[in-house]
Amino acid sequence: MFKRFMQLRLRDLVILAVILFSLPAFLDNPFHYELATQMAIIAATVVGLNLLVGYAGQVSLGHAGFFGLGAYFSAIMTGSYGWSALPALLVGAILVGVIAWIVGRPILRLKGHYLSMATLAVGFIIAIIINNETGLTGGPDGIPVAPFDLFGWELSPFGSYSLLGVELSGSQAWYLFSALVLLLAVWLAQNLIDSQIGRALRSVHGSEVAARVVGVNTAKYKSLVFVISAIYASVMGSLYAHFQGFITPAVAGFDFSIVLITMVVLGGMGSTMGVILGAVVLKLLPQLLADFQELEAVMFGLILMLTMIFMPKGLLPTLQRSIGRRLKKKAEGQA
Amino acid sequence: MFKTMMRRAVALVAAAGLAMAAQAAEPIKIGSFLSVTGPASFLGDPELKTLEMYIEKINEDGGVLGRPLELVHYDDVGNASSARNFASRLIRSDRVDIIVGGSTTGATMAVAPLVQQAKIPFISLAGAVVITDPVKPWVFKTPQSDRMAAERILGDMKARGITRIGLISGTGGFGSSGRAQTLEVARDMGIEVLADVTYSGSDTDMTAQLTNIRNTEGVQAVLNFGFGQGPAIVTRNYAQLGIDLPFYQSHGVASDSFLALAGEAAEGLRLPASPLLVPDSLPDDDPQKAIVQKYKSEYEARWNSKVSTFGGYAYDGLMLAVKAIEAAGSTDPEAVREALENIRGYVGVTGEFNMSPDDHNGLDADSFRILEVQDGGWKLIN
Amino acid sequence: MFAEFLQYLFTGITIGATYALIALGFTLIYNASHVINFAQGEFLMIGGMATVSFMAMGMPMLLAIILAVVLAGILGILLQRLAIAPAKQADVVTLIIITIGASIFIRGLAQLVWGKDYHAMPNFSTDEPIRVFGAVLNSQSLWVLGIGAVLVVALVLFFTRTLIGKAILATSMNKDAARLVGIRTQMVLMLAFMVSALLGAIAGVVVAPITFTSYDIGIMLGLKGFVAAAIGGLGSGLGAVVGGLLLGIVEAMAAGYISSDYKDAVAFSMILVVLFFMPRGLFGAKVVERV
């Protein structure tokens, strides 16, 4: 019974929606809303990355590069060229998709750590260009970004809005918007997973040679999912830039790439809800540990190590399994 | 860590005791986000130490307006996004009265829109000229701008008859902004920059870049704009290559620890710095002499480590905040902001501050002194 | 012209030798466990920082170095026993995240114990640089190269002449078969981590006089070591050495001749080019995937 419940993907979406829309009851100031908004945007990025890591089994250590490309494309086009946010976001996403496709074909022939190495190199090159092209990108000190606008309607974290007669502050409006974006991102990802592409991908994860032997065009599916996950990152990068109002090259940096992949592995590779949990936990930890000051890094490293040692499959899959086991035991006890 | 907590607890208890004596007053909350760890920790670390130490001292002396000060601090690890998050937390969750912080320009600029909107006075400790130009009503800063440093350095070069230089700079925020300002100022002053090379913050050898400058025809002097350990490596490589052109560094390395790292290789180089490094060679009639000597001896006694120019920024930031709150007679943000804008003639560690509605930095380029390294120590040139 | 080229070459070889030593550490652990140890850079940091702090306590340099290297070796064993061994069933990606956690943890500890300052360390011999055909060579560079060469020879002998070395090789080729012939694979893994830590620490000590040392020096150098190992071909000792030197020389040449802004980008582009033509690096072994 419980097992079937967990298997229904639609249920996941419903649970996520319930959590997202009941969360405001626990948020009591704009700072909390901001944090929740960032979590939603980053979570959506990680849901995209998980398609690559969790389903196709390909580890990217340069994903922040695509996130940063999207963010900077939006910042520059809306800031210096007077574009509207939506076309900038879309054109940026297409551009990043094309770049991912071009670099993806040769890279994805690589195996294991070599693939990671190549994605790391691509991420680094993107970050170096953003850092050095000061005239265009503002350089290492960063660049301001205009608020997100949609058909002349501007969404600023500092504005105030009314929706169906309810007064909303800018940060609340942004939260709702990002929650919808996350739901959309999850819905799209799940459709992809359940499609033929998803099945092909899982076969690649299992054994690429076997997949190829039974006639799956592994190269095609791998680059397809690489492009899709890069587009996820680019779109979320654009939204993140508009929400933050100011970005620095750190959004494209290696550190952030590591954070993204850590979210996937910590939450549970291959589990969409799991990686969202991973994003929430990693985004929340620095805030929770902030009071420990000098001990922050030590505790962060320790928590990361211990979690991965004792829950190698990731937070959510491990929890689900242990709950499932307990329920089963209970059921057996009753029988 | 435990010590810090104990210290804080003691300070709070002491403060509380005093406050109770005055009247059970609510503390004035001073918010701060600094790069205490990460690549910019040599900025954030002395800044935090200075804030902690002087807030304690002020509380021992009865606080401000009869109220104790309370420091709420977060470490932004040199990352602008976390700086923004923590600033938001300071404003919305901790509800601080004023913010003194922001070790790097990136962190400061990321936070600026937030404080502008929330209308909380913010005194930044970062250098780039963009922070206060154009003026943002709620944003102030205590360090001289990198543009002033460039003006001072190139001015000194001109006085020595140097008109063609080689520039080497770090690709981090400090070096990159300093490089841009240097190129602009050089153009205005008629100085040619013949070679323009960079190194990244984690590079361990800059011989290749320096060889490039050395082989550029006509270079009369070399300027390095950067901070962290990079400039010390540049200095050593410079000496190893046997380049005997006059060598300048920026204020980014104005600390005794730079001398310890670069060693003998630093002999003869010049840089602009606050007088903090040479308190005893200031003339007796210099208004900064007393305050600089006091800060240096108090800091070094308390922390058992050398002062740096950067801690001085935090000292001035805190004192400006205190002065403004006292002048305003309350912590009402608008009143404090206005008081800050009207501070004139405050003599601090960094220089003499004369704020105005069009100048939220309040320093002039002369507050930088040109120092030269002689016999392993700093010598005041002018 | 020639002096210029020679200068870039000297610079490149010195940096490259450092990368090569770090890459060798990666290679050892990769061979034994197929894990990329992202904490490798921290061993380097421990080597330099511990030496500096022991010397500050008044120990002679040689003793300080030996103690620092031993300390790193113990840390390597602890890392394997406490963090890698317990996670037996974990994916390789999970193991990598564990080593990332370990590196953050070790770095955090180092920062607590030793503070955040950069420290200088004296050259092993003279401070006077050596002049060759108009180019300048730091005398410490010779130490880096010499010790690097000695370590490479020692490693080759270790793997080909000693039982333990052969056991490590056997384990890397086929863990189950190795266990069947009586090799205690856990012991072998532990040894691999220890030797790798020793290598890293020695690299950290010999380069500290050139690069200075601090609690966070391991991040970027560790990463460059990984890059060098991948260029050379993971698992190949020769590859690690060649990859390291190549990376260092390309960086220095790019900084000198092309653009110092983009020298790192040139290095990273080189990886892409190498991997494009040789998907397993320059000397990587061809591995047949079992279905």
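Fair warning: this is a prediction, and the values are worked out from it, not measured in the lab.

Student: Before we move on, could you go through the overall build of chain B and cite the residues and values that matter?
Tutor: If you tally the helices and strands in chain B, you get 12 helices and 14 strands. Against the compact-globule benchmark of 21 Å for 382 residues, chain B has a radius of gyration of 21 Å, which places it among compact chains. Viewed in the frame of its principal axes, chain B has a C-alpha envelope of about 70 × 40 × 40 Å. Within chain B, the proportion of its 382 residues that are buried is 61%.

Student: Would you mind going over the overall build of chain A in detail, with residue names and values included?
Tutor: In terms of regular secondary structure, chain A is built from 15 helices and 6 strands. By the compact-globule yardstick of 20 Å for 335 residues, chain A fits well, its C-alpha radius of gyration being 20 Å. Each of the three principal axes of chain A carries a C-alpha extent, and together these read 65 × 50 × 45 Å. Burial analysis of chain A (335 residues in total) assigns 55% to the buried set. Taking the contacts inside chain A whose residues are at least 6 apart along the sequence as the reference set, 75% of them involve residues at least 24 apart.

Student: Give a detailed account of the pairing of strand S6 (residues 164–170) of chain B, specifying residues and quantitative values.
Tutor: Residues and elements named next belong to chain B. Of all 7 residues in S6, 6 are buried, a share of seventy percent or more. Looking at chain direction, S6 and strand S7 (residues 192–199) are connected through 7 bridges and run parallel. Note on S7: the bridge partner recorded for Leu167 is Asp196. One crossover worth recording links S6 to the parallel S7 by way of helix H6 (residues 173–189), and it is right-handed. The pairing of S6 with strand S8 (residues 221–225) spans 5 bridges and is parallel. Across the sheet, the residue bridging to Ile165 is Ala221, located in S8.

Student: Give a detailed account of the domain arrangement of chain B, specifying residues and quantitative values.
Tutor: Residues and elements named next belong to chain B. Under the domain assignment used here, chain B contains domain 1 (2–145 + 290–367) and domain 2 (147–273 + 375–380). Once you take the C-alpha centre of each, domain 1 and domain 2 turn out to be 30 Å apart. In this assembly, 14 residues from domain 1 lie in contact with 17 residues from domain 2. Residue classes in the side of domain 1 that touches domain 2 are distributed as 5 nonpolar, 8 polar and 1 charged.

Student: Before we move on, can you summarise the UniProt feature "domain: Leucine-binding protein" (unreviewed entry) in chain B with the specific residues and values?
Tutor: Per the UniProt record, the feature "domain: Leucine-binding protein" (unreviewed entry) sits at residues 27–376 of chain B. Secondary structure content for residues 27–376 of chain B is 43% helix and 17% strand, and the end C-alpha separation is 45 Å.

Student: Go over the UniProt feature "transmembrane region" (unreviewed entry) in chain A, please, and point to the residues and values.
Tutor: Summarizing the sequence annotation, UniProt attributes the feature "transmembrane region" (unreviewed entry) to residues 37–57, 64–83, 89–107, 114–130, 173–193, 224–243, 258–285 and 297–316 of chain A in the numbering used throughout. Along residues 64–83 of chain A, the helical share is 85% and the strand share 0%, with 24 Å between the first and last C-alpha atoms.

Student: So what's going on with the interface of chain A and chain C? Which residues, and what values?
Tutor: Contact with chain A, which involves 31 residues of that partner, is made by 38 residues of chain C. Broken down by secondary-structure element, the contributors of at least two residues to the side of chain A that touches chain C are helix H6 (112–132), helix H10 (208–213), helix H12 (254–267) and helix H14 (296–310) of chain A. Examining the composition of the side of chain A that touches chain C, we find that 10 residues originate from one element, H6 of chain A, more than from any other. Grouping the amino acids of the side of chain A that touches chain C by side-chain chemistry returns 24 nonpolar, 5 polar and 2 charged.

Student: Give me the lowdown on the interface of chain C and chain B, citing residues and values where you can.
Tutor: The interface of chain C with chain B comprises 25 residues on the first partner and 27 residues on the second. Put simply, the parts of the chain that give the side of chain C that touches chain B at least two residues each are helix H1 (2–33), helix H8 (185–211) and helix H10 (237–258) of chain C. The element best represented in the side of chain C that touches chain B is H1 of chain C, accounting for 6 residues. Split into classes, the residues belonging to the side of chain C that touches chain B amount to 11 nonpolar, 9 polar and 5 charged.

Student: Break down unusual backbone geometry for me, citing the residues and quoting the values.
Tutor: Residue and element names in this part refer to chain B. Going from Asp133 to Pro134, the amide bond is cis rather than trans, its omega being 5°. Relative to the helices and strands, Pro134 resides in the loop between strand S4 (122–124) and strand S5 (139–141). Phi at Val77 takes a positive value of approximately 55°, unusual for a residue other than glycine. Tracing the chain through its elements places Val77 in the loop between strand S2 (69–75) and helix H3 (80–93). With 25 C-beta atoms packed within 10 Å, Val77 lands in the buried category. The phi torsion at Asp375 lies on the positive side, around 50°, for a residue other than glycine. Its place among the elements puts Asp375 in the loop between strand S13 (369–374) and strand S14 (377–380).

The rules behind these values
Residues numbered from 1 in each chain as written. Chains lettered and ligands numbered in written order. Predicted model: local features only at pLDDT ≥ 70, side-chain atom pairs only at ≥ 80, totals over all residues. Helix = DSSP H or I, 4+ residues; strand = E, 2+ residues; numbered from the N terminus. Rg over C-alpha atoms; globule rule 2.2 N^0.38 Å. Buried ≥ 20, exposed ≤ 12 C-beta atoms within 10 Å, placed from the backbone. Contact = placed C-beta atoms within 7 Å. Pairing = 2+ DSSP bridges. Right-handed = clockwise from strand over helix to strand, strands pointing away. Domains from an automatic or database assignment. Nonpolar A, V, L, I, M, F, W, Y, C, P; charged D, E, K, R; others polar. UniProt positions renumbered as here; feature names shortened; annotations may be inferred.

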